[in-house]
Amino acid sequence: MTTATSEKHEMAVMDETGDTKLIWDEDNDVEVEAARSMFNSLKKKGYAGYSVNKKGDKGELLAEFDPAAERIIMAPQMKGG
Amino acid sequence: MIDTTWGCWANSTAATTTAGSSAIWRTWTSDVTTSGSYVMQTQPYRAPVLTPEQIAAAEQRHAELVKAQAEHQAKQKAVKEKAERLLCEHLTEEQEQAWKENRAIFVTAKSGRRFKIKEGRAGNIEEINTEGKAIRSFCVHVEPHNVPDADNVLAQKLALEHNEEALLRVANSHPITPYR
């Protein structure tokens, strides 16, 4: 999946500050690789990555990093209480 | 009278009563008059006398504590608001309205099951039946406890919508009886 124009994509990582955002340009290889590296690192820690849109009506659990995703939310591992 | 009381309490049988038990009782109470009545020793409170430098230092410490507390509260408020914004950005209009009105959202999973997520962290998910009644509660939350509650709600929503089976596999669940 590719976008027609160069747009900024965003990864929001949930943490104690609310969230920390990482932005990448799909056409910038360095930024894409930095985002991919962050995604993979968090996945190893048990985080789940969801590709979402800002309306809240679209989403998908990501098995691997998608540089074309409009926004990715990284949610920490869930545990039964 | 006190000696008699002690003797009865410490040694309920005459065979084990010893002369020493009375001495123990006196030592324990430490202030016994010759007539056997207990004397309460009290001393009037005297406030410590502080030098002007000590007072100034104490006032400065207090001011620093008040400032630190205010900064901590402001930071916590900002964190909460940030998490709230992230949550609301990813709610449908209907969910956002429900959240603002009732601090709860309704989520339909891909399986068709419907859930209510209430504000909170643990035990805040309920499965809703076709009649709109809560029939089961689930306790599952994000692992780090320092993540704000609104983030937790968003993680629960996303998991129910897109990763339902994995979420419910790790959740502790309990049926909700009509009596609860």
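Source: prediction; values computed, not measured.

What follows deals with the nonpolar core. With 42 residues, the main nonpolar core has A:I73, A:M74, A:A75 and B:A155 as its most contacted residues. Dropping the residues within four chain positions of it, A:M74 is found in contact with A:M11, A:A12, A:V13, A:M14, A:L42, A:Y47 and A:G49.

The interface of chain B with chain A comprises 31 residues on the first partner and 25 residues on the second. Of all the secondary structure elements, the ones that give two or more residues to the side of chain B that touches chain A are α3 (52-89), β4 (134-142), α5 (149-162) and α6 (164-170) of chain B. A total of six residues in the side of chain B that touches chain A trace back to one element, the largest contributor, which is α5(B). Bridge count between strand β6 (residues 78-80) of chain A and β4(B): three bridges; the pairing is antiparallel. Along β4(B), the bridge assignment pairs A:M78 with B:V142.

Time to look at the pairing of strand β3 (residues 48-52) of chain A. All names here are of chain A. Among the five residues that make up β3, four are buried, leaving the element largely enclosed by the rest of the structure. Note that β3 and strand β5 (residues 71-75) share five bridges and pair antiparallel. If you follow V52 over to β5, its bridge partner there is R71. Looking at chain direction, β3 and strand β4 (residues 59-62) are connected through four bridges and run antiparallel. Bridge pairing in β4 places G49 opposite L62. Between the antiparallel neighbours β3 and β4 lie six residues, among them G56 with a positive phi of about 80°.

The next point concerns the pairing of strand β1 (residues 8-15) of chain A. Residue and element names in this part refer to chain A. As judged from the eight bridges shared by β1 and strand β2 (residues 18-25), these two strands associate in the antiparallel manner. Bridge pairing in β2 links H9 to W24. The turn joining β1 and β2, which pair antiparallel and follow one another in sequence, is formed by two residues. Bridge analysis of β1 against β5 gives four bridges, and the strand direction is parallel. Residue pairing across strands places V13 opposite M74, the latter belonging to β5.

Attention now moves to unusual backbone geometry. Phi is positive for B:R103, close to 55°, though the residue is something other than glycine. One can find B:R103 in the loop between α4 (93-102) and β1 (104-108).

Turning next to the confidence of the model for chain B. Of all residues in chain B, 77% attain a pLDDT of 70 or more, and the chain-wide mean is 84. Taken together, the stretch residues 12-19 of chain B has pLDDT below 50 and engages in three contacts with residues farther than four places along the chain or on a different chain.

On to α3(B). All names here are of chain B. Between its first and last C-alpha atoms α3 spans 55 Å; for 38 residues at 1.5 Å apiece the expected length is 56 Å, and the two agree. For α3, a buried count of three out of 38 residues is recorded, marking the element as mostly open to its surroundings. Among all positions of α3, only V79, A83 and L87 are buried.

The rules behind the values
- Residues numbered from 1 in each chain as written.
- Chains lettered and ligands numbered in written order.
- Predicted model: local features only at pLDDT ≥ 70, side-chain atom pairs only at ≥ 80, totals over all residues.
- Core = buried A, V, L, I, M, F, W, Y, C linked by C-beta atoms within 7 Å.
- Buried ≥ 20, exposed ≤ 12 C-beta atoms within 10 Å, placed from the backbone.
- Contact = placed C-beta atoms within 7 Å.
- Helix = DSSP H or I, 4+ residues; strand = E, 2+ residues; numbered from the N terminus.
- Pairing = 2+ DSSP bridges.
- pLDDT = per-residue confidence, 0-100.
- Expected span 1.5 Å × (residues − 1).

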